[in-house]
There are 2 protein chains.
Amino acid sequence: SQGLDYDNIENQLFLEEERRMSPMGFRCLEVSRWVVCGLIGFLTGLIACFIDIAVENLAGLKYEVIKRNIENFTETGGLSISLILWGGFNAAVVMLGSILVAFFEPIAGGSGIPQIKCYLNGVKIPRVVRLKTLVVKVFGVICSVVGGLAVGKEGPMIHSGAVVAAGVSQGRSTSLKRDFKMFEYFRRDTEKRDFVSAGAAAGVSAAFGAPVGGVLFSLEEGASFWNQMLTWRIFFASMISTFTLNFFLSIYHKKTGELSSPGLINFGRFESESVEYYLYEIPLFIAMGAIGGLLGALFNFLNYWITIFRIRYIHRPCLQVMEAMLVAAVTAAVSFTMIYFSNDCQPLAPENSEEYPLQLFCSDGEYNAMATAFFNTPERSVRSLFHNQPGSYNPLTLGLFTLTYFFLACWTYGLAVSAGVFIPSLLIGAAWGRLCGILLASVSPNASIWADPGKYALIGAAAQLGGIVRMTLSLTVIMVEATGNVTYGLPIMLVLMTAKIVGDYFIEGLYDIHIKLQSVPFLHWEAPATSHWLTAREVMSSPVTCLNRIEKVGTIVDTLSNTSTNHNGFPVVVESAGNDEPGKLCGLILRSQLIVLLKHKVFVELVRSRLTQRKLQLKDFRDAYPRFPPIQSIHVSQDERECMMDLTEFMNPTPYTVPQDTSLPRVFKLFRALGLRHLVVVDDENRVVGLVTRKDLARYHMGKHGLEELQLAQT
Amino acid sequence: SQGLDYDNIENQLFLEEERRMSPMGFRCLEVSRWVVCGLIGFLTGLIACFIDIAVENLAGLKYEVIKRNIENFTETGGLSISLILWGGFNAAVVMLGSILVAFFEPIAGGSGIPQIKCYLNGVKIPRVVRLKTLVVKVFGVICSVVGGLAVGKEGPMIHSGAVVAAGVSQGRSTSLKRDFKMFEYFRRDTEKRDFVSAGAAAGVSAAFGAPVGGVLFSLEEGASFWNQMLTWRIFFASMISTFTLNFFLSIYHKKTGELSSPGLINFGRFESESVEYYLYEIPLFIAMGAIGGLLGALFNFLNYWITIFRIRYIHRPCLQVMEAMLVAAVTAAVSFTMIYFSNDCQPLAPENSEEYPLQLFCSDGEYNAMATAFFNTPERSVRSLFHNQPGSYNPLTLGLFTLTYFFLACWTYGLAVSAGVFIPSLLIGAAWGRLCGILLASVSPNASIWADPGKYALIGAAAQLGGIVRMTLSLTVIMVEATGNVTYGLPIMLVLMTAKIVGDYFIEGLYDIHIKLQSVPFLHWEAPATSHWLTAREVMSSPVTCLNRIEKVGTIVDTLSNTSTNHNGFPVVVESAGNDEPGKLCGLILRSQLIVLLKHKVFVELVRSRLTQRKLQLKDFRDAYPRFPPIQSIHVSQDERECMMDLTEFMNPTPYTVPQDTSLPRVFKLFRALGLRHLVVVDDENRVVGLVTRKDLARYHMGKHGLEELQLAQT
């Protein structure tokens, strides 16, 4: 089964190493952890910087060319050629990105947040933190954004940060076949998980300029056991990441050393005067939160069905690429149509922030307001919606934009391209939020004083994003940090909470839906509330395959090769006198450890005969980590099958156990708090009666009609 | 021993109640939790509001009277009368506050943060969350601040919030002898701890206008097991708390409904233009962090010796009151002297923010700059240092102020008054930080562009505070939220980290010193790194008193009365055949549970004879919580001593256990992650061989020379 193991590393070899280590050694380790976190932050910041500059230049080039083309054809007629140019360009770029994802690394598709959530939760998804994934992710996201899809470049940063962390912390790259012989101590699941948390945080931090938000994101999604030192390191990585991004962007923008600019998305500065809000606005905010929750639920519901459809019918890579191209072309066509038929002309102010104002059929000195929303990278559109003067958009423009962009974004998420859903959600929300602000100002005569459309755009953006992804604490902090102003803390929190409550009533959050569709054994925060009547006896797998402390090699090979059980951890028992009675527990050993033992042929007979042979060391396990070979690849001769293996030194001699009557919530708490993967159930004589795995726990789920059991994938 | 129990509540009674409860019941519970958190936030905000308004008015009155007096005597001569008036007034007010603390509730002294840290860590300090403590705390802090001591009103808010939480969540007040029959489900350590976390967060939030900082404070100091829903509730309480404070203060300041004002201390708005910083300033910031760490270590070192002195010689309440009065008088005298001899006259700008400008010997239209720092509440002084125009203070003033205030604050912390150390630390730091800024500007000709003294005052304040209290993550966020600007995130973090690293090299943080002086079994985040060679066998208490499942009342009474062991949890064993062999574990029962059983005379014989008597219910345990009577108060007759008690229903039938060879770090992790108080050590036949308590773990400590054992109080 897929799973990461955060506990069962304490065997005799490990303890001996720890005992040998001096206090100085531990201090060095601690320093290396900080160094690794600093590196993670730095590299994540660099990647963010690269993506930002690449997108800015390529998108700028594209909009410049198309703008000139449109301007030419507006006078002479024949705008359909512009449409074809635009659509063709988008489709071509998206095809590139989609081919990368669909053919080379499907796991790099989407935002990567569900995958990282699973990883931090303890579910091992193959290839999710490999270098190849990172490369595909980075180039994929550039193609998606430049290709004009309704996507953002922020979500993928989180995945990128996680991959960087997994790579740097291990001091080697298996893809590149390079081992720097560094950080070997960190080659185990616990340490790696901690660094991946730091990487995810650094990714959030670079994406939104939100270091605290990043830390909270990591904790909200991943950590179950809060550790002060770990949290500081995560925070450090986050800070270095934003800092690096700021520093290099400041050089790029020729303002070297001015470190006050934020992350990839920049909500712009909300001025102190315009950010005030009044008590009577709170109910309005809450109502908007409810709208966000409803729209979010609708979004998730539609996307759920699209995803089901995709799983059934669009699983071949070439079909996936074609769908992505289709979406790109349709996006361009819809945008073009909307701009073409819009007659929302606005005067072109000299200080106007639009970079690509389209005049189209407007009179001179005016520009098409619909184009501000469609003919721009989504990040810029969000900023325009937040900060443009009241009156920059007419309500019809905003309404139509919300409607079309909603469906485009919904269709886009889940395509075989690397792309995030944060920015499209913010954009949809900002559009209808601004609409709300305008309507309020028109309904109430004195509302124009307080109903600043920018403020309502911000609230709408929060509501929509909260309704789709359902995060609260970390999202509040991310939004606050991205606006650079703490004043909106309370309204944003209320809005996000309302959106979550309303949305949860209908359907889960978008990431949870996608996790569920993968049917992985994902553990939530707590056992279902009504599960106290279930005990370990009922949830455990039984009978369980046990190994003797000194076991025949043949038995071990057969056990590992048995595909029907396919367990990853085996209780080790003292040989019992009676054969039908279960043995007394004396340890726990992992499949991966057994495979290393078999590979090195650590058999009692051989060790005795070849006294000169070096003892198996912890290093051998670390070198094999994390890609242990499958049992099929290990050749054991018929003679060797008769040898014996002594597991004493390699098993975890003190696995955590529970009695049979332990209630599910207690078992669950033990799993969650200690990051267990296997928990041995013993009777009152300390005899093994069963084994609880992550999957046994993940099955139970609180449905509408009480406790329900889920079907999980048999992998 | 002192301890809170977060685990051993799952006995048969509890499980039966949980099983009877419908999904609807659980939902109601969840809603009540939110309601309770909302109430906690609301009441904490109200208390903060009350303290703020009381201090503002009383201090205003005081400064007004003294100012008029000084102005009179400046012309006529005889300023010594002003000094006597000032000193006498201060001493009188402080006496009031000190009498409250010293005679009525000594636990209400100080900031309360060490006590709350202990409580959240799982150490039970008597009377720390009682109503009486709250009342003394609130009036005490008003007296301290109005009495002109070098203290802040912020620290005590954290304690106040915690008390409010403990009270509200239990739905009754033992002091007032009122039981509202509400929230009875929450009458147990786990739930209460969660609410106290929320209360502490609400306190931070109200004190600094920092809801996110409050959440992080709670997590950094308290929670070991991160739970998403809990964190949201804590965040909710924090938000409501700031919101309530803002709302009522906005009414008080006659700007009803303008919710944009922050917490008790308000660092004022750092304008966007002046907040920028450059890469080359980073080393300067780090150097200031190091200075902060050094000065903080010096502060802590001096305070440590003063505290030792106080413990030895000033333990009688009347002496404590006299010391407090002495400090108050000296503070006034020193302030007066400093102001008197200062010749730092500054022009009185019309828009000047000083509320009580003292002219003294300055010419007309000028005021004494030293008085801005001394003749003011510390909160206002901090704000002046952050925001007054460059040139408002001359360097000599700042240097002298730093020096005197440093020693005053150091002497003041630990007095028998209710007061916090946050603001004095900030003030000291702001003063020398501003001094640094001025010196920088004078050294380098073009530095005046970037070396804004206000910015350096902020950095200095962070460095000094970090050097004294050694928090990093939560403090960074608190500072960022209090400045209302996220730009300073990175510098503040770097400064706090440097201050911590430098300070930790010399001596622990102030709160940790005070916790250590109380010698309570405080568990840190992780077991000492070099403790892998220690096993449960070495750390456990052994032999351990076990009870039989069906035990004679006399034995139980004797066990509980035995003052030499004084354990709080007893393993329950199946009666073993052989007498010298330890019994097989079948459960764990707490002293408090046994006392309730004895009080209700739940004896096998009586239950049989009085069939009509109602069964003992969970409610009986909850009603007795948390002030279980001592065993001495329970009368058991000689006849009753011969009766038997059946513990089956009341014990925890599935206590967590570990084998004897489990390493200390694993035991530690189990304790910390699950909030255990007792962990049974068993042999491989499941027989009890020992018991690990919190105290057994807290003994081990990483000293300069490797692992050290501490002496802990025998209570």
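In case you missed it, the structure is sitting above this.
The shown structure was predicted, so the numbers you read here are calculated from the model rather than taken from an experiment.

Peer 1: So what's going on with the pattern of salt bridges? Which residues, and what values?
Peer 2: Residue and element names in this part refer to chain A. Under the definition given, this model contains 47 salt bridges over all chains. Between R537 and D661 there is a salt bridge whose closest N-O contact spans 2.5 Å. Taken as a pair, R537 in helix α21 (residues 536-539) and D661 in the loop between β10 (657-659) and α27 (664-674) lie far apart in primary sequence, 124 residues in all. When its relative accessible area of 44% is taken as the criterion, D661 is described as partly exposed.

Peer 1: An account of helix α8 (residues 211-221) of chain A is requested, with residue identities and associated values reported.
Peer 2: Within α8(A), 11 of the 11 residues are buried, which leaves it mostly tucked inside the rest of the structure. The complete set of buried residues in α8(A) reads A:P211, A:V212, A:G213, A:G214, A:V215, A:L216, A:F217, A:S218, A:L219, A:E220 and A:E221.

Peer 1: Outline the pairing of strand β11 (residues 678-682) of chain A, listing residues and values.
Peer 2: Residue and element names in this part refer to chain A. For β11, a buried count of five out of five residues is recorded, marking the element as mostly surrounded by other parts of the structure. Residues H678, V680 and V682 of β11 are buried on one face, and the alternating residues L679 and V681, pointing to the opposite face, are buried as well. One crossover worth recording links β10 to the parallel β11 by way of α27, and it is right-handed. Pairing geometry for β11 and strand β12 (residues 688-693), over five bridges, is antiparallel. Along β12, the bridge assignment pairs V682 with V688. Between the end of β11 and the start of β12, which pair antiparallel, lie five residues, with N686 showing a positive phi angle near 65°.

Peer 1: For the interface of chain B and chain A, give the residues involved together with the corresponding values.
Peer 2: Opposite the 81 residues of chain B that make contact, chain A presents 81 residues. Taken together, both faces of the contact between chain B and chain A bury some 7,800 Å²; the carbon and sulfur share is 67%. Where chain B meets chain A, there are two salt bridges. Two residues, B:E685 and A:K584, come together in a salt bridge whose shortest N-O distance is 3.2 Å. Inspection of the region where chain B meets chain A yields 10 residue pairs in polar contact (both at pLDDT 80 or more). Sort the elements by how many residues they give to the side of chain B that touches chain A and helix α9 (residues 228-252) of chain B lands first, with eight residues. For the side of chain B that touches chain A, the class distribution of residues is 40 nonpolar, 21 polar and 20 charged.

Peer 1: Quick rundown of the packing of aromatic side chains? Include the residues and the values.
Peer 2: Residue and element names in this part refer to chain A. A full pass over the atoms with the stated rule returns 44 aromatic pairs over all chains. Measuring from centroid to centroid gives 5.3 Å for W34 and F236, while their planes differ by 70°, and the two rings are edge-to-face. One end of the pair, W34, is in helix α2 (residues 23-76); the other, F236, is in helix α9 (residues 228-252), with 202 residues separating them in the sequence. Each of the two residues, W34 as well as F236, counts as buried.

Conventions we followed
- Residues numbered from 1 in each chain as written.
- Chains lettered and ligands numbered in written order.
- Predicted model: local features only at pLDDT ≥ 70, side-chain atom pairs only at ≥ 80, totals over all residues.
- Heavy atoms only, no water.
- Salt bridge = Lys/Arg side-chain N within 4 Å of Asp/Glu carboxyl O.
- Helix = DSSP H or I, 4+ residues; strand = E, 2+ residues; numbered from the N terminus.
- Buried < 20%, exposed > 50% of the residue type's maximum accessible area, 1.4 Å probe, protein only.
- Right-handed = clockwise from strand over helix to strand, strands pointing away.
- Pairing = 2+ DSSP bridges.
- Contact = heavy atoms within 4.5 Å.
- Buried area = accessible area lost by both parts, 1.4 Å probe.
- Polar contact = N/O pair within 3.5 Å; in protein donor to acceptor, adjacent residues only side chain to side chain.
- Nonpolar A, V, L, I, M, F, W, Y, C, P; charged D, E, K, R; others polar.
- Phe/Tyr/Trp six-rings, centres within 6.5 Å; stacked < 30°, edge-to-face > 60°.

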